[in-house]
Amino acid sequence: MKIAIIGAGNLGLSIANGILKSNGATSMYLTKRDTKSIANFEKFDKVTVTDDNRLAVQNSDILIFAVQPVHFVAILESIKDLLTENHVVISTITGFSIEKMEAVIGKDNYIVRSMPNTAISVGKSMTCICSNEKGKKRIDLTKAIFNRMGHSMEIPENQMQAATVICASGVAFWMRLIRATTQGAIQLGFDAKEAQELAMHTCNGAAGLLIESGNHPEEEIDRVTTPMGCTITGLNEMEHQGLSSSLIQGIIASYDKITEFKTK
């Protein structure tokens, strides 16, 4: 696949790294106004670094946009005359609707919205995807791209705001839980490096159990809790202190905030 990433900032480079690590492109164009910070990508034979978005579009079929929302309309305007039946337009831009994209480049284009998270750079992203009517024909292609870098799910566009909270903000939520577990391990006598290693790999294993088994979390909890044991004692104390409630409240607060941005 001939891929262009328009806007090689933090997210754009995470996507680029994920695609390159999975050997998911026959060629790749990376664009940025100041190319000095991404010049190191030129070491890859298949990568071209440029500040020319039009050049990238002309030489690519899959166009992944990872620019700031304030610049997106102008960039679409500048390249829309180059779009052909071969192009698939994939936006990673939070809050920018399909309707807005269609207003600029027209409905007769393959338009897909995707919401990956930063774990894409290590091949572990949870990416949510939706499309316009024509873009439905390219959903499988888009999923194939992002499945090389983790897992993808097609959802209705009206759930993209919520998915942003669960999957993108969710990375930060899980980092904070891992940090708290690390701090607890330090208090129990492990040094900081050991404590983080224990927390990280235990978290990874817990997720792996659910992914592989398809079980509900409570089924796996039942496997490690015994009557009057230390696990159930710890879980109950966490619930008394509001663990589940605070997580849910935090998720709702994040959603309220992102909804507030959308309405302004």
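Residues numbered from 1 in each chain as written. Predicted model: local features only at pLDDT ≥ 70, side-chain atom pairs only at ≥ 80, totals over all residues. Heavy atoms only, no water.

Describe the UniProt feature "domain: Pyrroline-5-carboxylate reductase catalytic N-terminal" (unreviewed entry) in the protein chain, naming the residues involved and giving the relevant values.
With numbering aligned to this structure, UniProt lists the feature "domain: Pyrroline-5-carboxylate reductase catalytic N-terminal" (unreviewed entry) at residues 2–93. The distance separating the terminal C-alpha atoms of residues 2–93 is 21 Å; by composition the span is 32% helix and 24% strand. (UniProt positions renumbered as here; feature names shortened; annotations may be inferred. Helix = DSSP H or I, 4+ residues; strand = E, 2+ residues; numbered from the N terminus.)

So, a negative patch on the surface: which residues are in play, and what are the values?
There is a patch of like negative charges on the surface, built from E218, E219, D222 and E239. With 3 residues, helix 8 (residues 217–224) is the single largest residue contributor to the negative patch. Of note, E219 is situated in helix 8. (Patch = residues over 30% accessible without salt bridge, like charges linked within 9 Å, V, L, I, M, F, W, Y side chains within 5 Å. Areas by Shrake-Rupley, 256 points an atom, 1.4 Å probe, with all protein chains shown as cover. Salt bridge = Lys/Arg side-chain N within 4 Å of Asp/Glu carboxyl O. Lys, Arg positive; Asp, Glu negative; His and termini not counted. Charge placed at Lys NZ, Arg CZ, Asp CG, Glu CD.)

Help me get a handle on helix 6 (residues 160–187), residues and values and all.
Taking 1.5 Å per residue as the helical rise, helix 6 with its 28 residues ought to reach 40 Å, and the 39 Å between its terminal C-alpha atoms agrees with that figure. Of all the positions in helix 6, only M160, Q161, A163, T164, V165, C167, G170, I178, T182 and A185 are classed as buried. A positive backbone phi angle near 120° is found at G189, which sits one or two residues after helix 6. (Expected span 1.5 Å × (residues − 1). Buried < 20%, exposed > 50% of the residue type's maximum accessible area, 1.4 Å probe, protein only.)

An account of the nonpolar core is needed here, citing residue identities and associated values.
A general trend in soluble globular proteins is that nonpolar side chains are found buried together. Counting 29 residues, the largest nonpolar core has F65, F72 and L76 as the members making the most contacts within it. Of all elements in the fold, only strand 1 (2–6), helix 2 (53–58), strand 4 (62–65), helix 3 (69–79), helix 4 (98–105), strand 6 (110–115), strand 7 (125–131) and helix 6 reach the threshold of two or more residues within this core. Residues in contact with F72, not counting those within four places in the same chain, are F65, V67, S91, I93, F96 and M101. Within the second largest apolar cluster, 27 residues are counted, among which are I15, L30, I38 and I120. (Core = buried A, V, L, I, M, F, W, Y, C linked by side-chain atoms within 4.5 Å. Contact = heavy atoms within 4.5 Å.)

Please set out the packing of aromatic side chains residue by residue, giving values where relevant.
Counting across every chain of the model gives 3 aromatic pairs. Taking the centre distance of 5.4 Å and the plane angle of 55° together, the rings of F65 and F72 count as tilted. Classification of F65 by relative accessible area gives buried; the value is 0%. Judged by centre distance (4.8 Å) and plane angle (70°), the rings of F72 and F96 are edge-to-face. Residue F72 is located in helix 3, and its partner F96 is located in the loop between strand 5 (88–91) and helix 4; the two are separated by 24 residues in the primary sequence. Across the pair, exposure class does not vary: F72 and F96 are buried alike. Through a chain of ring-to-ring contacts, the aromatic side chains of F65, F72 and F96 assemble into a single cluster. The ring of Y110 has K134 sitting right over it, with the charged end atom 4.8 Å from the ring centre. The ring of Y110 carries R138 above its face, with NZ or CZ at 4.0 Å from the centroid. (Phe/Tyr/Trp six-rings, centres within 6.5 Å; stacked < 30°, edge-to-face > 60°. Lys NZ or Arg CZ within 6 Å of the ring centre and 35° of its normal.)

Could you give an account of the pairing of strand 6, naming the residues involved and the relevant values?
By the criterion of burial, strand 6 is predominantly enclosed, with 6 of the 6 residues buried. By the alternation rule, side chains of strand 6 split into Y110, V112 and S114 and I111, R113 and M115, which are all buried. Of the pairings in the sheet, the one linking strand 5 to strand 6 comprises 4 bridges and is parallel in character. Pairing of V89 across the sheet is with I111, part of strand 6. Handedness of the crossover joining strand 5 and strand 6 through helix 4 is recorded here as right-handed. Pairing geometry for strand 6 and strand 7, over 4 bridges, is antiparallel. By the bridge assignment, V112 is partnered in strand 7 with S131. (Pairing = 2+ DSSP bridges. Right-handed = clockwise from strand over helix to strand, strands pointing away.)

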